[in-house]
Amino acid sequence: MSLDVAHVGDPMIGCLCRLDPSVPYEGPRAPAATLGGSPTWGLGDRFHEFAAGLGHTRLDLVRPRTPYGLGPQVERYRTPAGREFLRIPTYGQVVGEDPLLHGSEWKAFWICWQAGVRVLLVGGTSGSCDWRRAAADEAAVRPGDLVLPKSYLARHPMPTGLPGTELEYCLPRRVAIMNDPFCPPLAEALREEAARLDDPPGFRFRRVHGPEAGVVLNRWLAGNGFESLAMCRELEAVGRLTGMPIVTGDCVSPVLARVCGMHLAYYHVVANWGTGLEPEDPTITLDRLYMETLPRVAATLELGLLDRLAEPAGCRCRELLRTRPAAYERALSPPAPAT
Ligand SMILES: [Zn+2]
C-alpha cells in the first residue's frame with residue numbers, strides 16, 4: 001500500500017517523503033546500535049578501518065528501505081568479545097538531504113526498532129553555556145569535558161512516534177514518562193569506559209560530569225548553524241536560575257527512544273563555549289579538534305563500550321513507558337476504515 005502523500009507528520013518537522021507502511025524490514029538485526037554523530041565525524045567513512053584496528057569486524061553494509069523512503073547506510077559489526085551491533089553514521093543523515101524534510105530520524109529509529117535494538121548509543125558535541133566561566137570555577141562544564149546529562153530541553157518540535165506504524169501516536173495507550181531520559185546504568189558504563197581510555201596514550205577528559213552534576217542538554221538535531229548569542233545568554237541565565245548548567249548539542253529524540261522501548265546512552269563532548277559567550281571564534285580551532293583528537297577518543301570509547309554492553313536491568317527505561325486505561329483510546333475517533 002502506498003499512501004502517496006507529499007507530507008506526513010508534524011508540519012514543523014515535515015517530511016517530503018512518501019509514506020508506505022507496507023515496506024518490510026530487510027536489514028540486519030542486533031541488540032545494540034550506535035548512531036555515530038559529531039564526535040566521530042573526523043573519521044569520515046573510515047570508521048570501519050579504525051574499528052578493525054581494535055579487533056572489530058564489519059559483517060554487513062546495507063541500505064534498507066523504510067516506510068519513509070530509502071534509509072541510511074547500516075553497518076553490522078562483531079566485536080572482539082563476539083557481541084554484535086549496528087552502526088548508522090551521523091544520526092542517519094544523508095548527503096544533500098535536509099534531515100528534517102526527509103525524515104532521517106524516523107528512518108533511523110524505524111530501522112533500529114525493526115532490527116530489535118534495545119540499547120542505542122548516541123554521541124554529541126557542541127558548546128557549554130555554563131554560567132561559571134572564571135578560571136577558578138573548577139566544577140564548571142568546560143571545553144574538553146565529558147558530559148553524561150541528567151535531563152534535556154526540547155526547544156524545537158521533535159519526533160515522538162513512527163508514522164505508519166503502531167507507534168505513530170501512542171499517547172492514549174502508552175505515555176513516556178521522561179524521568180531519567182538517558183539510561184542511568186548506561187551513563188555509569190560510559191563513565192567507566194571513559195576512565196579506561198588510553199588512546200591516544202595518556203588521554204584524559206579534563207573532567208567527567210555524570211548525571212549527579214545535573215547538566216541539561218539543549219537537544220537539537222540537524223540545525224544549519226550554531227546557536228545565536230541571544231540563545232546562549234538565555235541558556236546561561238536559565239542554568240544559573242535552576243542550578244543546572246546547560247550544554248547545546250545534537251541528540252536524537254529521547255521520547256522516541258523510550259516509545260521504541262530502547263535504553264538511550266548519550267555522551268557529550270564539550271567542544272567550545274556557547275557561541276558569543278567568549279570572544280574567540282570557535283570555528284578557528286574546532287576543525288582541528290574534530291579531525292585530530294575527537295574521532296580517535298570517541299570511536300575508542302564507543303567500541304570499548306559496545307564490546308561489553310548488555311541490556312541493563314537496573315533501570316526504569318522500559319517501565320517508564322506506562323500503559324494507560326483502555327478508555328483513553330476509546331475517547332478518540334476510531335481509525336479510518338481500510339480501503
Ligand atoms: Zn535503561
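These remarks concern the structure in this document.

What counts, and at which threshold
- Residues numbered from 1 in each chain as written.
- Predicted model: local features only at pLDDT ≥ 70, side-chain atom pairs only at ≥ 80, totals over all residues.
- Heavy atoms only, no water.
- Salt bridge = Lys/Arg side-chain N within 4 Å of Asp/Glu carboxyl O.
- Helix = DSSP H or I, 4+ residues; strand = E, 2+ residues; numbered from the N terminus.
- Buried < 20%, exposed > 50% of the residue type's maximum accessible area, 1.4 Å probe, protein only.
- Axes fitted to C-alpha atoms, helices over the stretch in contact; angles between N-to-C directions.
- Parallel < 35°, antiparallel > 145°, perpendicular 65-115°, else oblique.
- Left-handed = near helix turned anticlockwise from the far one by under 90°.
- Contact = heavy atoms within 4.5 Å.
- Nonpolar A, V, L, I, M, F, W, Y, C, P; charged D, E, K, R; others polar.
- Donors = N, O, S within 2.8 Å, 3.2 Å for Na, K, Ca; no water.
- Tetrahedral: all angles 85-135°; square planar, octahedral: opposite > 155°, others 65-115°.
- Phe/Tyr/Trp six-rings, centres within 6.5 Å; stacked < 30°, edge-to-face > 60°.
- Core = buried A, V, L, I, M, F, W, Y, C linked by side-chain atoms within 4.5 Å.
- Pairing = 2+ DSSP bridges.
- Right-handed = clockwise from strand over helix to strand, strands pointing away.
- Expected span 1.5 Å × (residues − 1).
- Arc of directions from axis to C-beta.

## Points about the pattern of salt bridges
Counted by the stated rule, this structure contains 21 salt bridges. Of the charged contacts in the structure, one is a salt bridge between Lys107 and Glu97, with a shortest N-O distance of 3.8 Å. Highlighted residues: Lys107 in helix H2 (residues 104-114) and Glu97 in the loop between strand S6 (84-87) and H2, separated in sequence by 10 residues. What makes Lys107 buried here is its relative accessible area of 5%. Residue class for Glu97 comes out partly exposed when judged on its relative accessible area of 27%. With its nearest N and O atoms 2.7 Å apart, the salt bridge here joins Glu236 to Arg133. Taken as a pair, Glu236 in helix H4 (residues 229-242) and Arg133 in the loop between strand S7 (119-128) and strand S8 (146-147) lie far apart in primary sequence, 103 residues in all. Through salt bridges that share partners, Asp60, Arg76, Arg78 and Glu84 make up one connected network.

## A word on the packing of helix H3 (residues 184-196) against helix H6 (residues 283-306)
Across the interface, H3 lies against H6 with an axial gap of 9 Å and an inter-helix angle of 120 degrees. It follows from the interaxial angle that H3 and H6 lie oblique. You can see that H3 and H6 cross each other, and the crossing is right-handed. Of the residues in H6, those in contact with Ala189, Leu190, Glu193 and Ala194 of H3 are Leu301, Gly304 and Leu305. Classifying every residue of the contact of H3 with H6 gives five nonpolar, one polar and one charged.

## Overview of the coordination of the zinc ion
Ideal geometry at a metal centre: 109.5 degrees between donors when four sit tetrahedrally, and 90 or 180 degrees when six sit octahedrally. Looking at the zinc ion, one finds its protein donor set to be Cys183 (SG), His263 (ND1), Cys315 (SG) and Cys317 (SG), positioned 2.1 to 2.3 Å from the metal centre. Each of the four donor atoms bound to the zinc ion contributes to angles spanning 94 to 118 degrees, and the resulting shape is tetrahedral. Take Cys183: its relative accessible area is 1%, and that puts it in the buried class. Here His263 falls in the buried class, since its relative accessible area comes to 2%.

## A closer look at the packing of aromatic side chains
Counted according to the given criterion, the structure contains eight aromatic pairs. Here Tyr25 and Trp110 contribute two aromatic rings whose centre-to-centre distance is 5.8 Å and whose plane-to-plane angle is 80 degrees, an arrangement assigned as edge-to-face. Here the residue Tyr25 occupies a position in the segment before strand S1 (32-34), and Trp110 occupies one in helix H2, the gap between them amounting to 85 residues. Overall, Tyr25 belongs to the buried group, its relative accessible area being 16%.

## Some details on the nonpolar core
Ranked by internal contacts, the top residues of the largest apolar core, which has 47 residues, are Leu35, Phe109, Leu120, Val122, Leu162 and Val252. For this core, the leading source of residues is H2, giving six residues. Once residues within four sequence positions are removed from consideration, Leu162 is found in contact with Tyr68, Trp106, Phe109, Trp110, Trp113, Leu167, Glu168, Leu256 and Cys260. Residues Leu43, Leu186, Ala194 and Leu309 belong to the second largest nonpolar core, which totals 37 residues.

## Points about the environment of Gly36
Mapping Gly36 onto the fold places it in the loop between S1 and helix H1 (47-53). Between the C-alpha atoms of Gly36 and Leu61, which are 25 residues apart in sequence, the distance is 15 Å.

## A word on the pairing of strand S13 (residues 246-250)
Most of S13 is tucked away, with five of its five residues classed as buried. Bridge count between strand S12 (residues 216-220) and S13: five bridges; the pairing is parallel. Each residue of the ladder has a partner; that of Asn218, found in S13, is Thr248. Between the parallel pair S12 and S13, the chain is carried across by H4, and the sense of this crossover is right-handed.

## A short note on H3
Over its 13 residues, H3 runs 19 Å from end to end, which matches the ideal 18 Å to within 8%, given 1.5 Å per residue. Buried residues of H3: Leu186, Ala187, Ala189, Leu190, Glu193 and Ala194, and no others. When H3 is viewed along its axis, its buried side chains cluster within an angular range of 160 degrees and face the same direction. Within H3, the exposed residues directed more than 90 degrees away from the buried face are Ala195 and Arg196.

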